[in-house]
Amino acid sequence: MNRVLRIAGGVAFAAAAVALVLVLPHWLSDAKAAEFARAGCFFIAIIGLNLVTGYTGQISLGHGALMAVGAYTTAILTADHGLRDLWTIPLAGLVAMAAGFALGLPARRLSGLYLALATFAFAVAMPALLKRFSGLTGGSQGINLFDEALSRSTGALGHVHLAGWTLATNDFLYYLTWGIGLVLSGAAWLLVRGRLGRAFRAVRDSEVAAASSGINISFYKTLAFAISGFYAGVGGSLFVLVSNWFVSPSTFTFDKSLLLVVGAVVGGLGSLAGMALGALFIQFVPTWAANLSSAPGAPSVFFGTAIVLVMILLPGGLGGFLLKLTEPLTRRLYTRSE
Amino acid sequence: MALLSVEHVTKRFGGVVAVEDVSLGVESGQIAGLIGPNGAGKTTLFNLITGLYRPDSGEIAFEGETLLRTPPHRIVRRGVARTFQNVELFPTMTVLENVLVGRHSRGERPASELLGELGLDAVAQRRTGSLPFGTMKRVELARALASGPRLLLLDEPAGGLGHEEVDELGALISRIRSSFDLTVLLVEHHMNLVMGVADRVHVLDFGRKIAEGPPAEVQRNPVVIEAYLGSERPQHATA
Ligand SMILES: Nc1ncnc2c1ncn2[C@@H]1O[C@H](COP(=O)(O)OP(=O)(O)OP(=O)(O)O)[C@@H](O)[C@H]1O
Ligand SMILES: [Mg+2]
């Protein structure tokens, strides 16, 4: 009974989330819809980071670079190989999944600060790597699909026609990113509540106990990084579309990786619902901070202060806060069933 | 043939020889006691059997085949499960989830049956991080049983228990031995418990094995009494 109610609660929550995502554009200006679409890309990448850091307990400062892998997969396949941008999204996920697997290999031997350093090195090296292989990546110029593959860039001309509907491009991108985000967060939810999620959390809670319960620690760490890479890759792929079909090495410098960590921590590690809030935080708070004062350095100080405030006032992150708000309701549901 | 055989095993940590040339065999179906003063090397021996440490020399075999080339998670799958002296649970997970993780490898018993067997029904949905120590120990036992072991290693299961609870634990260990068809290797400082349930007792002191035999005989062995009198826990030799 308890279980049925919990699942019903999950379904109700999912339905509410879908409804919210569906109606939101009615109140958004075109420019705001574009910003929300950008937040949707972060949302997807942060879900992935959360699987590694929140659930499996492995720190990664390299997820911005995994986004870059997804982004360049989409840009290269669309520009040079004649694919429509939308079809490259799952492929970008798969290529970044392979990169995530590779990034996860050091986690077999390293932990804590050492793992942070190894993933940090990957993030720092990525822009240089992209410039180095300029034949493939266009070097520091990057790849501009708007110029190179306009006909295969969905919506680049201003509107998208879809089954009799006409959508403004930014609304389309908004629905695309958050639609994929919802589907992928649903998939993540299913993943973490079963056997796989228990194995992830076991590794996070106690490696000794996990190994002594028959869990192959190296395998699950690498698997977490690989799945996580898929999410980051899809987020990166969509990021090309929402950045006017343009990507360059400076799109994915180290601060993107750091921003994702901020989003995951502010959203509340280990909670999936909080990831959307974390994504909105890293999308909008820096802009608000910039509007408060334009004195040199001031926006960064405001952004930093906002992070610190969330961490002090809401130790479970925004997601934890959300959970606390809804707890009286859910507890009533549970106790009634007993 | 012994279900578990440890032969001439030595393990050093820097200058400390934690386990030195220890040999012992545990027969199928036995409850074997492993006793010795603090620092004698009992936990280290458990860590060697379960693959968390590798011996510097010697051989450890289970069902006649070596365990030394098997990683810890596969040793569980081969049928060796354990509990920990200082409790190693998954603190953010519920009692039920802890037991479900135990079933990860190949356990066949439903988790609910195990919770019932160990009297954990009432706390099934509680997070283990907030439970009393004695209850945590029982959750660990349930989790170990969930993997469907043939050999169960218990490291001071009576730690933190009161007198009556220790008696209950003794009965519980005998009961699960028959209902789960187990062989048990038991590390314990509570002599009453060990002498009450063990078929055979092995004694370590300063990493070396100093005695082995039926409980009553070991209890009278002057070498064993001497080892305990020389340590800071003399009360247990006579208890
Ligand atoms: N990982 C380690 N590194 C260094 N020394 C260790 C390690 N593990 C154990 N030792 C040392 O090995 C010796 C045996 O320790 P062990 O924990 O096996 O004893 P024990 O018999 O379990 O004692 P107790 O009854 O106190 O639990 C001790 O001297 C201990 O300090
Ligand atoms: Mg010990």
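As the structure is a prediction and not an experimental result, all values here were calculated from the model. Counting from 1, residues in each chain are numbered in the order their sequence is written. Labels are handed out in written order, letters beginning with A for the chains and numbers beginning with 1 for the ligands. Local features in this predicted model are restricted to residues of pLDDT 70 or higher, and side-chain atom pairs are both shown and tallied only at a pLDDT of 80 or more, whereas totals for entire chains, interfaces and linings draw on every residue. Water and hydrogen atoms play no part in the side-chain values, which are based on all heavy atoms of the structure.

Participant: Account for the coordination of the magnesium ion (ligand 2), naming residues and giving values.
Facilitator: Residues and elements named next belong to chain B. Protein-derived ligands of the magnesium ion (ligand 2) are Thr43 (OG1) and Gln85 (OE1), with the metal-ligand distances lying across 1.9 to 2.1 Å. Here Gln85 lies in the loop between β6 (80-82) and α3 (95-102) and Thr43 lies in helix α1 (residues 42-49), a separation of 42 residues in the sequence. Burial classes: relative accessible area under 20% of the type maximum marks a residue as buried, over 50% as exposed, and values in between as partly exposed (1.4 Å probe, protein chains only). Look at Thr43 and you get partly exposed, because its relative accessible area is 26%. Judged by relative accessible area, Gln85 falls into the partly exposed class, the value being 29%. For Na, K and Ca the donor cutoff is 3.2 Å, while for all other metals N, O and S atoms must lie within 2.8 Å; water is not among the atoms, so some sites may look incomplete. Helix numbering and strand numbering both begin at the N terminus, where a helix is a DSSP run of H or I of at least 4 residues and a strand a DSSP run of E of at least 2.

Participant: So what's going on with the sheet that holds strand β2 (residues 16-26) of chain B? Residues and values would help.
Facilitator: Residue and element names in this part refer to chain B. When DSSP finds two or more bridges between two strands, those strands count as paired. In spatial order, the strands read β2-β1-β4-β5; together these 4 strands make up an open sheet with antiparallel pairing. Bordering the open sheet on either side are β2 and β5 (65-66), each of which pairs with just one other strand. Taken together, the 7 bridges between strand β1 (residues 4-13) and β2 define a ladder with antiparallel strand orientation. Paired with Val6 across the strands is Leu24, a residue of β2. The contact rule is simple, with two residues in contact once any of their heavy atoms fall within 4.5 Å. Fitting a line to C-alpha atoms yields each axis, with helices limited to the stretch in contact; the angle taken between N-to-C directions then spans 0 to 180 degrees. Contacts between α1 and the sheet are confined to β1, β2 and β4 (57-62), with β1 contributing the most and set at about 115° to the helix.

Participant: Run through the sheet that holds strand β9 (residues 200-205) of chain B, naming residues and quoting values.
Facilitator: Residue and element names in this part refer to chain B. The strand order across the open sheet built from 6 strands is β6-β7-β8-β3-β9-β10, with neighbouring strands paired in mixed fashion. With partners counted over all chains shown, the strands left at the sheet margins are β6 and β10 (208-213), one partner each. Between one strand axis and the next, the sheet turns by 20° as a mean value, whatever way the strands run. In this sheet, β9 lies alongside strand β3 (residues 31-35) in parallel orientation, the contact comprising 4 bridges. By the bridge assignment, Gly33 is partnered in β9 with Val201. The strands touched by helix α5 (residues 133-146) within the sheet are β6 and β7 (151-155), with β7 carrying the most contacts at an inclination of about 160°. Helix α9 (residues 222-229) rests against β3, β9 and β10 of the sheet, and its axis sits at about 130° to β10.

Participant: Could you give an account of the interface of chain A and chain B, with specific residues and numbers?
Facilitator: Taken residue by residue, the interface counts 19 residues in chain A and 21 residues in chain B. Summed over both partners, buried area is the accessible surface (1.4 Å probe) that two parts give up on being assembled. The three residues of chain A that bury the most area against chain B are A:Arg198, A:Asp205 and A:Ser213, which together make up 30% of that side's buried surface. When a carboxyl oxygen of Asp or Glu lies within 4 Å of a side-chain nitrogen of Lys or Arg, that pair is called a salt bridge. Run the count over chain A and chain B and you get 1 salt bridge. The residue A:Arg201 makes a salt bridge to B:Glu97 at a minimum N-O spacing of 3.1 Å.

Worth remembering: the numbers are spatial, not functional.
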